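Coordinate inspection notes
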Amino acid sequence: MSERNVLVINSGSSSLKFELIEADSGTSLAEGNVERIGEDTSLAGLRVGEREVRRDGEPIADHEAALRTAFDMFDEAGSNLAEMNLAAVGHRAVHGGQTFFEPTLVTDELIAKMAELAPLAPLHNPPGLLGMTVARKLLPDVPHVAVFDTAFFHDLPAPAATYAIDREVAQRWDIRRYGFHGTSHQYVSEQAAVFLDRPLSSLNQIVLHLGNGASVSAIVGGRAVDTSMGLTPLEGLVMGTRPGDIDPGITFYLARTAGMTIDEIDELYNRRSGILGLAGANDFRELLKRIDAGDQAARLAYDIYIHRLRKYVGGYLALLGTTDVITFTAGVGENNPDVRRDALSGLGALGIELDEQLNAGPTRGPRRISAAGSPTTVLVIPTNEELAIARACLSVI
Ligand code: ADP
């Protein structure tokens, strides 16, 4: 077994995902998750090579119990984690605020500082912190590293990072555009350069990360120059359960006229908006089924999603001037040819032409989907945030 195995942990409010990766080769040795933590029945599974272990149906009370279940499943699969020569445990950390923008060793001090940042990301940072705390307790002899989703956007140029609100208020409260999914945007843009066999430094890129959460970034020579998410992951594209860009006035209107509390509006924007709010389902596959069945609300949701996507693509094309490559990634971006076609159709005059067959083809893995003569190359590149986190860990230890 190699010396450089990294356990990557992605801790959500009611779920824990983990993957054991041989970081140098990029080989995934094992992968699993625990879902519905704190509910009456939980789901837990682990795949190690060909072996699959499942622990479904048992209640798993909290994140510590979830991680213990994960370790038990490793044991049951014959891969005791303590004997796996773990070089590090990598933690996906969502919001690094102004403080953290590099992979950082998890210490008591980091945990205390991240707790201070919790108000910036109340849905994401507390479960992440919990995951770190519990994992350090259970694996005390291995270095733990936090890798921040905001890090790649730390150096956004000021015009992209700054909101046009009172400067003193913004400074006092650390209000700026931070951006998220940075690990994915960075990884995918680097992989695009590898795929094209061109130096990263020579490329103007647009990356469309379209998963349940969705964001787009413009990247010049490997450096992000704009991204669609902001202070929080609410801004930008229409997502599974979030609205993306909306008029901030809606918030005041709902509070003053509809009598909703701030917490209710927060819940509305984070959990009941986007595709789910419009069409009753946040999973894109379900949305497509409903469209096929003639559901008008689902059709409109899809059209709104595409409309917003095209506005961002157009904006970033203008920002970049020349765009060498546009890359689709994440669940929807990697798997849905309709979204890719509709996002970029009719842009021949701007130098973007898809090859319909390549776009619709069954191929998986990194691939080109633009026509041979298209001045802008369009790619699909599967993201791998876990591998990027594992490699980032090695840069610290
Ligand atoms: P996240 O990591 O943000 O939870 P993912 O990147 O896993 O999200 O993407 C989840 C989304 O991808 C879901 O809306 C799902 O329906 C969609 N998706 C996954 N596979 C496919 C597919 N084969 N066709 C269309 N959509 C898909």
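The rules we used
Residues numbered from 1 in each chain as written. Predicted model: local features only at pLDDT ≥ 70, side-chain atom pairs only at ≥ 80, totals over all residues. Heavy atoms only, no water. Helix = DSSP H or I, 4+ residues; strand = E, 2+ residues; numbered from the N terminus. Contact = heavy atoms within 4.5 Å. 1 Å grid on protein atoms, 1.4 Å probe; cavity = no way out; pocket = protein on both sides within 12 Å on 5 of 7 lines; lining within 4 Å. Points joined across faces, edges and corners; volume = space filled by probe spheres on them. Nonpolar A, V, L, I, M, F, W, Y, C, P; charged D, E, K, R; others polar. Domains from an automatic or database assignment. Buried < 20%, exposed > 50% of the residue type's maximum accessible area, 1.4 Å probe, protein only. Arc of directions from axis to C-beta. Near = heavy atom within 4 Å. Polar contact = N/O pair within 3.5 Å; in protein donor to acceptor, adjacent residues only side chain to side chain. Areas by Shrake-Rupley, 256 points an atom, 1.4 Å probe, with all protein chains shown as cover. Pairing = 2+ DSSP bridges. UniProt positions renumbered as here; feature names shortened; annotations may be inferred. Phe/Tyr/Trp six-rings, centres within 6.5 Å; stacked < 30°, edge-to-face > 60°. Lys NZ or Arg CZ within 6 Å of the ring centre and 35° of its normal.

Another point: the side chain of Thr 183. Summarising the element assignment, Thr 183 is placed in helix α6 (residues 182–196). Sequence-distant contacts of Thr 183, that is, excluding residues within four places in its chain, are made with Val 147, Phe 148, Asp 149, Glu 385, Ala 388 and Ile 389.

It is worth spelling out the layout of surface pockets at this point. Roughly 1200 Å³ of volume is contained in the second largest pocket. Looking at the lining of the second largest pocket, the elements that each hand over two or more residues are α2 (108–117), α7 (249–256) and α8 (262–271). Counting residues per element, the lining of the second largest pocket draws most heavily on α8, which supplies five residues. Across the lining of the second largest pocket, the residue classes break down as 20 nonpolar, five polar and seven charged. Counting only domains with at least three residues in the lining of the second largest pocket, you end up with domain 1 (3–147) and domain 2 (197–383).

Moving on to α2. Those residues of α2 not exposed but buried are Leu 110, Ile 111, Met 114 and Leu 117. For α2, the buried positions fall inside an angular range of 110 degrees around the axis, keeping them on one side. Within α2, the exposed residues directed more than 90 degrees away from the buried face are Asp 108, Glu 109 and Glu 116. On its buried face, α2 is in contact with β6 (86–93), β7 (104–105), α3 (125–138) and β8 (144–148).

Looking now at the site of the ligand. Inspection of the region around the ligand gives Gly 211, Asn 212, Gly 213, Asn 282, Asp 283, Phe 284, Arg 285, Ala 330, Gly 331, Val 332 and Asn 335 as its neighbouring residues. Between the ligand and the protein, one listed contact pairs an oxygen atom with a side-chain N or O atom of Asp 283 at 2.5 Å. A distance of 2.9 Å separates an oxygen atom of the ligand from a polar backbone atom of Gly 331. Calculation on the ligand without its partners gives an accessible area of 570 Å², and the protein chains cover 67% of this total. Counting only elements with at least two residues in the shell around the ligand, the list comes to α10 (284–292) and α12 (330–335). Broken down by element, the shell around the ligand gets its largest block of residues, four residues, from α12. Tallied by class, residues from the shell around the ligand come to three nonpolar, six polar and two charged.

Another aspect to go through is the pairing of strand β4 (residues 43–48). Across six bridges, the pairing between strand β3 (residues 27–35) and β4 is antiparallel. Its bridge partner lying in β4, Val 34 is registered against Ala 44. In sequence, β4 turns back onto strand β5 (residues 51–54) through a hairpin of two residues, with Gly 49 there showing a positive phi of about 60 degrees.

This part covers the UniProt feature "site: Transition state stabilizer" (unreviewed entry) in the chain. Here the UniProt-annotated "site: Transition state stabilizer" (unreviewed entry) positions come out as His 181 and Arg 242. Tracing the backbone through its elements, the reader meets His 181 in the loop between α5 (167–172) and α6. Residue His 181 is classed as buried on the basis of its relative accessible area of 9%. Mapped onto the elements of the fold, Arg 242 is located in the loop between β11 (223–227) and α7. In contact with Arg 242, other than residues within four places in its own chain, are His 124, Gly 213, Met 229, Pro 233, Leu 234, Leu 237, Tyr 269, Asn 270, Ser 273 and Gly 274.

Summed over the entire model, instances satisfying the criterion amount to six aromatic pairs. Members of the aromatic cluster, connected to one another through ring pairs, are Phe 284, Tyr 302 and Tyr 305. Between Arg 172 and the ring centre of Trp 173, over which it is positioned, the NZ or CZ distance is 3.9 Å. Arg 176 extends its terminal NZ or CZ atom over the ring of Tyr 178, reaching a point 5.0 Å from the ring centre.

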